[in-house]
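Commentary on secondary and tertiary structure
What follows is the residue order along each chain.
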Amino acid sequence: MKHNTKGLSAGRLTMMALGTVIGGSFFLGSSVAIKAAGPAIILSYLICAVMVYFILFALSEMTVSNPDSASFRTFASQYINKGTGFVVGWVYWTGMVISMSSEATAVSLLFRTWFPTVSIPLLGTGLIVGVTLLNLLGAKQLSHLESVLSAIKIVAIIGFILLGGLIVLGVLPGMRPLGNSILRSEPFLPGGLKNLAGSMLIVLFTYAGFEIIGLAASETDNKEKNIPRAIHLTVFWLVALYILCISVLLLLVPTNSLSEDVSPMVTALNRYQMSWAGTAMTIILISAILSTMLAAMFGIGRMLRSLVEEGLGPGFLRDKTDVPYRGILFSGLSMMMFLYVGLFLPEFYLFLISSGGFALLFTYIVLMFSHIRFRKKNGKPEGNCRLCGFPYSSLFTMAGLLIAIFSMPFLKGQTSGFLAGIALVAFFTACYGVLKAVNKRKAMQEKELPKATLRHRRILTEFSEELHPDEEKKD
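Let me begin by describing the structure that accompanies this report. (Residues numbered from 1 in each chain as written. Predicted model: local features only at pLDDT ≥ 70, side-chain atom pairs only at ≥ 80, totals over all residues. Heavy atoms only, no water.)

Moving on, we come to the overall build of the chain. For the chain, the helix and strand inventory stands at 20 helices and zero strands. Every one of the 475 residues in the chain was classed for burial, and the buried ones make up 53%. Summed over its atoms, the accessible surface of the chain is roughly 21700 Å², and 65% of this surface lies on carbon and sulfur atoms. (Helix = DSSP H or I, 4+ residues; strand = E, 2+ residues; numbered from the N terminus. Buried < 20%, exposed > 50% of the residue type's maximum accessible area, 1.4 Å probe, protein only. Areas by Shrake-Rupley, 256 points an atom, 1.4 Å probe, with all protein chains shown as cover.)

Pasting the structure below:
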């Protein structure tokens, strides 16, 4: 089903992608990766950026070649099989819903510093309701708000880069130039290749969310022009902001002084007596997480619509409007449900939350495999919107993703994520088996119905002839 477009430009698609990607995982979680890899963390960000670029262009190539396709899940159905499309769609949706319920809890905890008397459930519920209602406004209106929130994050990172640069150069009053004295005292790769590989998994999570470009593709009226341009802009801004920010951090603070509980930017600025950094970062973190939640809700609402339109989701979620109202409302209610599961069954909830990273990596692996099958079937597409270096670029990315996902059990805190992710895949595989069996039974019943009707008619005709034998003779 082809939906009317809202005319999202390449710039709007870029801001929506940046809004999803740049979130709490970078502002807070990057401390773990930097501490593990040391200065070699720059290599992790560069390698992962190349992988993101290849994944995005594989997605772009399939999207432009299939103008009516609703999501990357559709490509899995077309080029692998319908079962894979079902599983990856629901695994992605579930992983994102659980992750966003966790983000709602995180924002609620941040708000509690200003509103200590308000309960977490009330704050979390209010946030989810707000994010849901804002998404009901539609893509064009949402993109304006997303652009503002994304701009706040980008300005914050640029501001840190500039302020950090002034500290390094000794331009600020009372400060001597630092140069690269701190960086010189650091071993390049303190933990060896094992820590570098582990940091890449965390870095991949800081890039995660870029697939929103594919889910938002149905909202742009010139895919061949806007999607490749949005990809270039997204990758450029992500790489530039991340690399510059991490480079300045390495010049400001020793990596062994970073903590997973404190933003590395706050640690760096506090080191130079800038105590306001904590309050400023709290505000930026709130805007970053809200931006991620808004963009994620946008994506999973359209993912649900894609599933329902192919008969792979509940029929009551079917929408005939441009905005998937029912899918968005259902996703919002599901987030709220998981929020309360976290309050009443915290251990089970923590196990589920950890599946979010697995769900994203699993999605990217399926996406790249779909692209390989797409190229095998259709050959090299015409135009500029195509993945360069195929098949080596695809194989390189696929290998990197497989290494990342199977390295999860060997990293602290990621074993439960791997197990929870495997459980999700197994659950939805079983669900598809049940759905397939039910549909097969329905098809057989529908096939038998005409035969039963004909048999019934024949019996009625014979009975009529027995009752009126004289009329048959007259004829």
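To continue, consider the environment of F316. Looking at the secondary structure, you find F316 in the loop between helix 14 (277–309) and helix 15 (325–344). Separated by ten residues in sequence, F316 and R326 place their C-alpha atoms 8.1 Å apart. Sequence-distant contacts of F316, defined by excluding residues within four places in its chain, comprise R326 and F330. (Contact = heavy atoms within 4.5 Å.)

Taken together, the side chains of L343, F344, L345, F348, F351 and L419 define a hydrophobic patch exposed on the protein surface, amounting to about 610 Å² of accessible area. As for its position among the elements, L343 is in helix 15. Using a relative accessible area of 38% as the deciding quantity, one classes L343 as partly exposed. (Patch = residues over 30% accessible without salt bridge, like charges linked within 9 Å, V, L, I, M, F, W, Y side chains within 5 Å. Salt bridge = Lys/Arg side-chain N within 4 Å of Asp/Glu carboxyl O.)

Attention now moves to the environment of K377. Position of K377 among the secondary structure elements: in helix 17 (residues 355–378). Relative accessible area serves as the criterion here: at 61%, K377 is assigned to the exposed category. Measuring from C-alpha to C-alpha, the distance between K377 and Y79 comes to 8.2 Å, with 298 residues separating the pair along the chain.

For the rest of this paragraph, the subject is helix 17. With 24 residues, helix 17 should reach 34 Å at 1.5 Å per residue; the first-to-last C-alpha distance of 34 Å fits that figure. When you tally the buried positions in helix 17, you get 18 out of 24 residues, the bulk of the element. Where helix 17 terminates, the next one or two residues include G379, which has phi positive at roughly 75 degrees. (Expected span 1.5 Å × (residues − 1).)

It is at 10 Å that the axes of helix 12 (residues 223–252) and helix 13 (residues 264–271) come closest, and there the two elements cross at 40 degrees. As summarised for this structure, helix 12 and helix 13 are arranged oblique, according to the angle between their axes. In this structure, helix 12 meets helix 13 at a crossing whose hand is left-handed. Between helix 12, through C245, L249 and L252, and helix 13, the contact on the second element is made entirely by P264, M265, A268 and R271. Residues that form the contact of helix 12 with helix 13 fall into these classes: six nonpolar, no polar and one charged. (Axes fitted to C-alpha atoms, helices over the stretch in contact; angles between N-to-C directions. Parallel < 35°, antiparallel > 145°, perpendicular 65-115°, else oblique. Left-handed = near helix turned anticlockwise from the far one by under 90°. Nonpolar A, V, L, I, M, F, W, Y, C, P; charged D, E, K, R; others polar.)

Below, the discussion takes up the pattern of salt bridges. Once their charged atoms are close, side chains differing in charge can pair, the charge on each being opposite to the other. Summed over the entire model, instances satisfying the criterion amount to two salt bridges. As a salt-bridge pair, R73 and E310 come within 2.9 Å of each other at their nearest N and O atoms. Separated by 237 residues along the polypeptide, R73 in helix 5 (residues 72–79) and E310 in the loop between helix 14 and helix 15 bring together distant segments of the chain. Overall, R73 belongs to the buried group, its relative accessible area being 0%. Look at E310 and you get partly exposed, because its relative accessible area is 28%.

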